[in-house]
Amino acid sequence: MTVTLDDVRDAAAQIEGVAHRTPVMRSRTLDALVGAEVFVKCENLQRVGAFKFRGAYNAASRLTPEQLARGIAAYSSGNHAQAVALAARELGTTAVILMPEDTPRSKVEATTGYGAEVVTYDRYTGDRVAIGEALAADRGLALIPPYEHPHVIAGQGTAALELIEEVGELGALVVPVGGGGLMAGSATAAKALVPDIRMIGVEPEAGDDTKRSLAAGHRVSVPVPRTIADGQAADVPGELTFSLNRKLVDEIALVGDDEIRDAMRFAFERMKTVLEPSGATPLAALLAGRVGAPPRRIGVIVSGGNIDAKRFAQLLG
């Protein structure tokens, strides 16, 4: 399986009028600190507060009437859970979501608030893919994985498509990497539109599975990372996403938890926007100088803003 620019454009048509076309934010202070024109694609303002709704709705809306009648299943650390739950509600069906026991409460409550049933597991001892697949099979549900699905990847790529359509050619695009779906879709669109663009992924230092995998030329597993960037706590890249990213990604930058906190604080104080830790990692990489000499024009996808006030204050206090 593969994903093309035509698939991303088809996804854009499929989600039009349902997903938000999120704004692009500018900051003179950020430009001065980075030494470039920085264009920030605010997926924290997407429905459910993250880019995940793009792919979830694109995939769910293509299910057959029979599949929709039986319901949808998914496994997720939080944002994909909310996205599938909302997509199911929009499409008039039900959803059952497998989530880690230590998922931030705000993400669990948001998922159930959209009408989904939540089943929990221990992310440090359980195999979420095996548990999720068994759950879907036992209940006869259509499983929509968080990134290992061409319609999900194409949907996520619409964020980069919109950004380039709005601001024009970019010298680089900085994207957070967890399972790799946002990067795979974004790189597919961006490289097709701007062949010379540098695709820079960002991972937390504790979860550098994609960086290691790209260096090795094959998928490498790491211990489940313990990081404040819970949305990027992947231990191994997806098979489909890695097959795309190994061809399209130019480099991976790593950021520490303190650098992520600094980026969250900068976004809040200087840009007046709230980012969750995983959503802030690309901004953290720019502010910490982790991407080398930036080109004149650089895009950043801040992927989500799902964090409650109590945890936000705890992280930045």
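Residues numbered from 1 in each chain as written. Predicted model: local features only at pLDDT ≥ 70, side-chain atom pairs only at ≥ 80, totals over all residues. Heavy atoms only, no water.

Right, let's get into helix H5 (residues 79–90). Compared with the 16 Å implied by 1.5 Å per residue over 12 residues, the 16 Å span of H5 between its first and last C-alpha is a close match. Counting buried residues in H5 gives 10 out of 12 residues, a clear majority hidden from the surface. Packing partners of the buried residues in H5 comprise helix H3 (52–60), strand S3 (72–75), strand S4 (95–100) and helix H6 (105–113). Positive backbone phi, at 75°, marks Gly92, one or two positions downstream of H5. (Helix = DSSP H or I, 4+ residues; strand = E, 2+ residues; numbered from the N terminus. Expected span 1.5 Å × (residues − 1). Buried < 20%, exposed > 50% of the residue type's maximum accessible area, 1.4 Å probe, protein only. Contact = heavy atoms within 4.5 Å.)

The next subject is the packing of aromatic side chains. Throughout the structure, instances matching the rule amount to two aromatic pairs. Centre to centre, the rings of Phe53 and Tyr57 are 5.7 Å apart; their planes meet at 35°, and the pair counts as tilted. Note that Phe53 and Tyr57 are positioned in helix H3 at a spacing of four residues, about one turn of the helix. Its relative accessible area of 0% is what places Phe53 among the buried residues. Here Arg26 stacks its cationic end above the ring of Phe39, 4.4 Å away from the centre of that ring. Just above the ring of Tyr124 sits the side chain of Arg226; from NZ or CZ to the centre is 3.9 Å. (Phe/Tyr/Trp six-rings, centres within 6.5 Å; stacked < 30°, edge-to-face > 60°. Lys NZ or Arg CZ within 6 Å of the ring centre and 35° of its normal.)

This next bit is on helix H14 (residues 309–316). If you check which residues of H14 are buried, you get Phe312, Leu315 and Leu316. The buried side chains of H14 occupy one side of the element, clustering within an arc of 85° when seen end-on. For H14, the exposed residues set more than 90 degrees away from the buried face come down to Lys310 and Gln314. Where the residues of H14 are buried, they touch helix H12 (257–270) and helix H13 (277–287). Capping the start of H14, Asp308 holds a side-chain oxygen 3.2 Å from the backbone nitrogen of Lys310, two or three residues further along. (Arc of directions from axis to C-beta. Polar contact = N/O pair within 3.5 Å; in protein donor to acceptor, adjacent residues only side chain to side chain.)

Turning our attention to the pairing of strand S8 (residues 198–204). The element S8 is extensively covered by neighbouring structure, given that six of its seven residues are classed as buried. Between strand S7 (residues 172–176) and its parallel partner S8, the chain crosses via helix H9 (residues 181–193), and the hand of that crossover is right-handed. Relative to strand S9 (residues 251–255), S8 runs parallel, the two sharing five bridges. Within S9, the residue paired with Ile200 across the bridge is Glu251. (Right-handed = clockwise from strand over helix to strand, strands pointing away. Pairing = 2+ DSSP bridges.)

The phi angle at Val48 is positive, at roughly 65°, despite the residue not being glycine. Here Val48 shows up in the loop between strand S2 (37–42) and H3. When its relative accessible area of 7% is taken as the criterion, Val48 is described as buried. Positive phi is not limited to glycine here, since Lys272 has a value of about 55°. For Lys272, the position within the fold is in the loop between H12 and H13.

Time to look at the packing of H3 against H5. How two helices sit against one another is set out by the angle between their axes and by the gap between those axes. It is the contact of H3 with H5, at a shortest axis distance of 8 Å, that shows an interaxial angle of 45°. By the angle between their axes, H3 is oblique relative to H5. For the pair H3 and H5, the sense of crossing is right-handed. In this structure, H3 contributes Lys52, Phe53, Ala56, Tyr57 and Ala60 to the contact, and H5 contributes Asn79, His80, Ala83, Val84, Leu86, Ala87 and Glu90. (Axes fitted to C-alpha atoms, helices over the stretch in contact; angles between N-to-C directions. Parallel < 35°, antiparallel > 145°, perpendicular 65-115°, else oblique. Left-handed = near helix turned anticlockwise from the far one by under 90°.)

Our focus in this paragraph is the sheet that holds S4. Across the sheet, four strands lie side by side as S5-S4-S3-S6; this open sheet has parallel pairing. Each edge of the open sheet carries a strand with a single partner, namely strand S5 (117–121) and strand S6 (142–143). Summarising the sheet, S4 and S5 pair through five bridges and their orientation is parallel. Each residue of the ladder has a partner; that of Leu98, found in S5, is Val119. The strands touched by helix H7 (residues 128–139) within the sheet are S3, S4, S5 and S6, with S4 carrying the most contacts at an inclination of about 160°.

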